[in-house]
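Architecture at a glance
Listed below are the residues making up each chain.
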Amino acid sequence: MHQSIVHPVDPVELVRLAERAGIGSVGLHVATTPEVEPWWVKGIGAEMLRDLVAALLAARVTVLDVGRVRLGPELRVWDGQHAYARALELGVRLGAQFVTARADASVADDPAELFAVLDELARRYRLRPLLAVVAGTSAATPGEAAAIVQGTRGGIVLDVSPLTDTPAAVAETVVELGELTGIPVPTIRA
């Protein structure tokens, strides 16, 4: 269950909701989303981190992903005070598997090059970067996002809506994209 679908619920309440619903993992926004800044502005010194870890342990719920990192030129120079550093540091401390990113239409730099920089940074934290498909950006479709992450350890985020996406269409997209979705694709041996 991702925090974005239950906004404005705070992360601790998200964990409680996930536990009651029988959902084993949550996704969190910890950066570049104005509504979460009050909770995470102090990064690993945030009071929310202490409360969230206690809630996660009590509920036996895990954090699958943290985000959201902006693909921008700031990634090229390490700055421990920047939002991308906060996402990486909180991600590793919370035991996340993925860090999510978004292309930014206002950035003229090559998004594939910026994603490769994020991939290298995320590797140091044992996180796998995932690029969200967002209309109006260079990653507006799954195919465009896949082209950006090609050649990295990264993958893409597939947002699925039961209102517009059929199970068959989702299955076809997952097969087409293979491991770029973050889902291991089994191989069939004869």
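Summarised in this report is the structure supplied together with it. (Residues numbered from 1 in each chain as written. Predicted model: local features only at pLDDT ≥ 70, side-chain atom pairs only at ≥ 80, totals over all residues. Heavy atoms only, no water.)

Attention shifts here to the overall build of the chain. Along the chain, the regular secondary structure elements total 7 helices and 5 strands. The C-alpha radius of gyration of the chain comes to 17 Å, within 12% of the 16 Å expected for a compact globule of 190 residues. Counting only C-alpha atoms, the chain reaches 45 × 40 × 35 Å along its principal axes. For the chain, the residues scored as buried account for 44% of the 190 residues in total. When contacts within the chain are restricted to residue pairs at least 6 apart in sequence, those whose partners lie at least 24 apart make up 71%. Here the chain has roughly 10,100 Å² of accessible surface; of this, 56% comes from carbon and sulfur atoms. Where the 17 positive side-chain charges of the chain centre and where its 23 negative ones centre are 8 Å apart. (Helix = DSSP H or I, 4+ residues; strand = E, 2+ residues; numbered from the N terminus. Rg over C-alpha atoms; globule rule 2.2 N^0.38 Å. Buried < 20%, exposed > 50% of the residue type's maximum accessible area, 1.4 Å probe, protein only. Contact = heavy atoms within 4.5 Å. Areas by Shrake-Rupley, 256 points an atom, 1.4 Å probe, with all protein chains shown as cover. Lys, Arg positive; Asp, Glu negative; His and termini not counted. Charge placed at Lys NZ, Arg CZ, Asp CG, Glu CD.)

In this model, the largest pocket occupies a volume close to 740 Å³. Around the largest pocket sit 29 residues that line it, and His 2, Asp 65, Val 157, Leu 158 and Asp 159 are the ones nearest its centre. Mapped by element, the contributors of at least two residues to the lining of the largest pocket are strand S1 (25–29), strand S2 (62–71), strand S3 (98–103), strand S4 (128–132), strand S5 (155–157) and helix H7 (167–177). Across the lining of the largest pocket, the residue classes break down as 17 nonpolar, 8 polar and 4 charged. The computed volume of the second largest pocket comes to approximately 190 Å³. (1 Å grid on protein atoms, 1.4 Å probe; cavity = no way out; pocket = protein on both sides within 12 Å on 5 of 7 lines; lining within 4 Å. Points joined across faces, edges and corners; volume = space filled by probe spheres on them. Nonpolar A, V, L, I, M, F, W, Y, C, P; charged D, E, K, R; others polar.)

With that out of the way, let us pick up the pairing of S1. With 4 of its 5 residues buried, S1 lies for the most part within the structure. In the sheet, S1 pairs with S2 via 5 bridges, with the strands oriented parallel. Looking at the pairing, Ser 25 lines up with Thr 62 of S2. (Pairing = 2+ DSSP bridges.)

Adjacent strands of a sheet form backbone hydrogen bonds with each other and so pair up, either parallel or antiparallel. Taken in spatial order, the 5 strands make up an open sheet running S1-S2-S3-S4-S5, and their pairing is parallel. A single partner strand is all that each edge strand has here, and the edge strands are S1 and S5. Taken over all neighbouring pairs, the strand axes of this sheet differ in orientation by 35° on average, direction set aside. Across 5 bridges, the pairing between S2 and S3 is parallel. Looking across to S3, one finds that Leu 71 is bridged to Ala 103. Along the sheet face, helix H4 (residues 83–93) touches S2 and S3 and points at about 165° away from the line of S2. (Axes fitted to C-alpha atoms, helices over the stretch in contact; angles between N-to-C directions.)

Right, let's talk about the pattern of salt bridges for a bit. For the structure on display, the rule yields 13 salt bridges. In this structure, Glu 74 engages Arg 70 in a salt bridge whose closest nitrogen and oxygen atoms are separated by 2.7 Å. For Arg 70, a relative accessible area of 29% puts it in the partly exposed group. Here Glu 120 ties to Arg 124 by a salt bridge, and the two come within 3.8 Å at their closest N and O atoms. In this pair, Glu 120 and Arg 124 both sit in helix H5 (residues 111–124), 4 residues apart, roughly one turn of the helix. Judged by its relative accessible area of 57%, Arg 124 is exposed. (Salt bridge = Lys/Arg side-chain N within 4 Å of Asp/Glu carboxyl O.)

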